[in-house]
Amino acid sequence: MRKIIFMGISFCMAIIMGGCKSENEETTDIAHKEHLDGKVIEVRDDNEILLEITEEQSGYKKGDTVLIGYTEYTWSNPEDTGGKKYNATPKINDLVVVGYWKYEVEKKEGYDYIPNQNVEKFQRNLFGKVLEVRDDNEIVIEVTKKQEEYSIGDKILVSYKEYYWIDTDDINVTKSEKVPVYNDSVEFGYWQENVSEKDGYVYMSDIYVREIFGNSPSLS
């Protein structure tokens, strides 16, 4: 008799625990917001963009395509510590991030479709070294680190809005203007709208260029 009672109690506890686990899993799923990093490969009417996934995450693999409907499409200036956001118009090859809930995903035209999203585009980063210093705040750089659009050895003409370096010690971080010199190592971010052509080069304008691993301004 005791064995039967014990089995009954164990069965009831298993049901209760199973119910708690299911509820916790559901709560976790609701509380966890998914994110997608992608590249705009098509701009449609009615505030829709087709994304090619660039980072494997949220159940999508690199190269998958997802259709996004957006209510806001914005960007923010990394140089602006205030974090202000600005409205933008989507362009082919924009890199963007989308945060969404799993329950928002629908199907449309054979794609996973996520409507009513706030889409934020972000900058691509480029690393290079200075090959030529020109007048009018222009430098020619050679790419030193492969990224999605450019390969090591590519030459790019850059018009910089600011050329600076960061000095750090145990207490302070100081940002200082610098004059570019041959063979400086540099990094910077750029938007697609910064890119055009000039003098046979890919041309990037209004760029904030940071010198890295170089000499201090006093030694340049």
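Our subject is the structure that appears above.
Novice: Even after reading the chapter, I still don't get the side chain of Glu211, so can you show me in this structure?
Specialist: You can see Glu211 is positioned in strand β14 (residues 201-212). By relative accessible area, Glu211 is classed as buried at 4%. Residues within four places of Glu211 in sequence aside, it is in contact with Tyr163, Tyr164, Trp165, Lys178, Asp184, Ser185 and Val186.

Novice: Quick question: what am I supposed to make of the nonpolar core here?
Specialist: Taken as a class, soluble globular proteins show a tendency for nonpolar side chains to be buried jointly. Counting 16 residues, the largest nonpolar core has Leu126, Ile141, Ile156, Val158, Phe188, Met204 and Val209 as its most contacted members. Counting only elements with at least two residues in this core, the list comes to β8 (124-134), β9 (138-143), β10 (155-168), β12 (185-190) and β14. In this view, Met204 contacts Leu126, Tyr150, Ile156, Leu157, Val158, Ser159, Phe188, Tyr190, Asn194 and Val195; residues no more than four positions away in its chain are not counted. Grouped together as the second largest cluster of nonpolar side chains are 15 residues, Ile53, Ile68, Tyr73 and Val119 included.

Novice: For this particular structure, what's the right way to read empty space enclosed by the protein?
Specialist: To find the voids left in a structure, one rolls a probe of water-molecule size over its atoms. Scanning the model with the defined rule gives 1 cavity of 30 Å³ or more in all. As a volume, the largest cavity reaches approximately 50 Å³. Asp94, Leu95, Lys121, Phe122, Gln123, Arg124, Tyr190, Trp191 and Gln192 together form the lining of the largest cavity. In terms of residue class, the lining of the largest cavity is made up of 4 nonpolar, 2 polar and 3 charged.

Novice: Even after reading the chapter, I still don't get unusual backbone geometry, so can you show me in this structure?
Specialist: Residues other than glycine predominantly adopt negative phi, and peptide bonds predominantly adopt the trans conformation. Positive phi outside glycine occurs at Glu109, with the angle close to 55°. Inspection of the secondary structure puts Glu109 in the loop between β6 (106-108) and β7 (111-122). The phi dihedral of Asp199 falls on the positive side, at around 55°, and the residue is not glycine. Relative to the assigned elements, Asp199 resides in the loop between β13 (195-198) and β14. Given the relative accessible area of 54%, Asp199 is considered exposed.

Novice: Looking at this structure, I do not really get the pairing of strand β3 (residues 65-76). What am I missing?
Specialist: Looking along a regular strand, one sees side chains alternate from face to face of the sheet. Note: strand β2 (residues 48-53) against β3, 5 bridges, orientation antiparallel. Pairing of Leu50 across the sheet is with Leu67, part of β3. Examined bridge by bridge, β3 and β7 share 7 bridges and lie parallel to one another. Counted as the bridge partner of Tyr70 is Gln117 from β7. Note: β3 against strand β4 (residues 85-87), 3 bridges, orientation antiparallel. Bridging across to β4, Ser76 finds its partner in Lys85.

Parameters and conventions
Residues numbered from 1 in each chain as written. Predicted model: local features only at pLDDT ≥ 70, side-chain atom pairs only at ≥ 80, totals over all residues. Heavy atoms only, no water. Helix = DSSP H or I, 4+ residues; strand = E, 2+ residues; numbered from the N terminus. Buried < 20%, exposed > 50% of the residue type's maximum accessible area, 1.4 Å probe, protein only. Contact = heavy atoms within 4.5 Å. Core = buried A, V, L, I, M, F, W, Y, C linked by side-chain atoms within 4.5 Å. 1 Å grid on protein atoms, 1.4 Å probe; cavity = no way out; pocket = protein on both sides within 12 Å on 5 of 7 lines; lining within 4 Å. Points joined across faces, edges and corners; volume = space filled by probe spheres on them. Nonpolar A, V, L, I, M, F, W, Y, C, P; charged D, E, K, R; others polar. Pairing = 2+ DSSP bridges.

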